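A closer look at the structure
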Amino acid sequence: MDYQKILDSINEEMSYRDVTGQVASYIPELAKVNPKKFGMHLYCGQNQHYGFGDHEENFSVQSITKVFTLAMTMKIMGEDLWKRVDVEPSGNPFNSLTQLEQESGIPRNPFINAGALVISDILVDHLDDPKAELLAFVRKITGDDEIQYDGTIAASEKSTGYRNIALVNYMKALGNIKCDVEPILDFYFHQCSLAMSCKDLAKAFMIFANKGNILETGENILKPESVKRINALMQTCGFYDEAGEFSFEVGLPGKSGVGGGIVAIHPDNYSVAVWSPILNPKGNSELGMKALERLTTLTGVSVF
Ligand SMILES: NC(=O)CC[C@H](N)C(=O)O
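Each value, and the rule that gives it
- Residues numbered from 1 in each chain as written.
- Predicted model: local features only at pLDDT ≥ 70, side-chain atom pairs only at ≥ 80, totals over all residues.
- Heavy atoms only, no water.
- Helix = DSSP H or I, 4+ residues; strand = E, 2+ residues; numbered from the N terminus.
- Expected span 1.5 Å × (residues − 1).
- Buried < 20%, exposed > 50% of the residue type's maximum accessible area, 1.4 Å probe, protein only.
- Near = heavy atom within 4 Å.
- Polar contact = N/O pair within 3.5 Å; in protein donor to acceptor, adjacent residues only side chain to side chain.
- Areas by Shrake-Rupley, 256 points an atom, 1.4 Å probe, with all protein chains shown as cover.
- Nonpolar A, V, L, I, M, F, W, Y, C, P; charged D, E, K, R; others polar.
- Disulfide = S-S within 2.5 Å.

The terminal C-alpha atoms of helix α9 (residues 198–209), which comprises twelve residues, lie 16 Å apart, in line with the 16 Å expected from a rise of 1.5 Å per residue. Across the twelve residues of α9, ten count as buried, placing the element largely inside the fold. For α9, the complete set of buried residues consists of Cys198, Asp200, Leu201, Ala202, Ala204, Phe205, Met206, Ile207, Phe208 and Ala209.

As a matter of local geometry, the ligand sits amid 14 residues, with Tyr26, Gln62, Ser63, Glu157 and Tyr188 nearest to it. Within the side chain of asparagine 113, one N or O atom sits 3.0 Å away from an oxygen atom of the ligand. Valine 258 is positioned with one of its backbone polar atoms (N or O) 2.8 Å from an oxygen atom of the ligand. Contact with the protein chains covers 99% of the free accessible surface of the ligand, which is 300 Å². Taken together, the residues of the shell around the ligand break down into seven nonpolar, five polar and two charged.

A word on the state of the cysteines. Taken as a whole and assessed by the stated rule, the structure comprises zero disulfides. Cysteine cysteine 179 is unpaired, with the sulfur of cysteine 192 as its nearest cysteine sulfur at 17 Å. With relative accessibility at 13%, the residue cysteine 179 sits in the buried group. The structure places no disulfide on cysteine 237, whose sulfur is separated from the nearest cysteine sulfur, that of cysteine 192, by 17 Å.

Here you go:
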């Protein structure tokens, strides 16, 4: 498969598209990002990298980090994790509070904010320095020691993070949060602020396409059964109330973030990341979804 040729033709096609959405503005720092940024990177074998545009520029990966913290938590908690967070699509926006009251404070899945805050609670409870450990995990699976949090984004999100503050306090009242809310929120806002490029994301997500192993070194990071579960959750819950649409259009497990990034994998084949900051009304990158739809259509390959 000539991936570079396919990516180049996607780049060209996308340049003619009208984009109607908006850059995320509820986190003030994200509103400052140049809406014209666009890049895509595909990684499919030892040192086999293909990309175009701004694919090596760092951006705020936001909710994409929920996959990393889930992977770390599965290693700590095993199956007991599912007593604290469920595995069903929410059909609701990522920052919704409504299901928690009826469902005893158990979030529908680890990829909505409520679920990620429970995961943060578990990591704060079990690790001495969860921020350092998350950074170490991401640096290891990418092989890139330069990856950092963006303190300005973390502070910006903290200053307007009323929904996340409400979610964690509400779940504490319902008995599903163990630690103090302050360190949980501090860890959560930092995890969301992680700055990575499409190339970094494609490298990191290769472990989910490669049965839990780092492709370049062969080192095992996750058990195959954990990878199965994480990929199933990405397929069913990775795009909030647009998870069905993403499966329907693209047909790959993936995860998005309000920074405009999307990562997807084709098991035993490739990982791919795309970045375009303009979001559709569901909070997913408008051009990113279209570019990935073109990828699986032009290659004729998806998980279905
Ligand atoms: N969907 C997202 O990327 C949401 C993450 C964002 N930091 C928030 O908590 O609201």
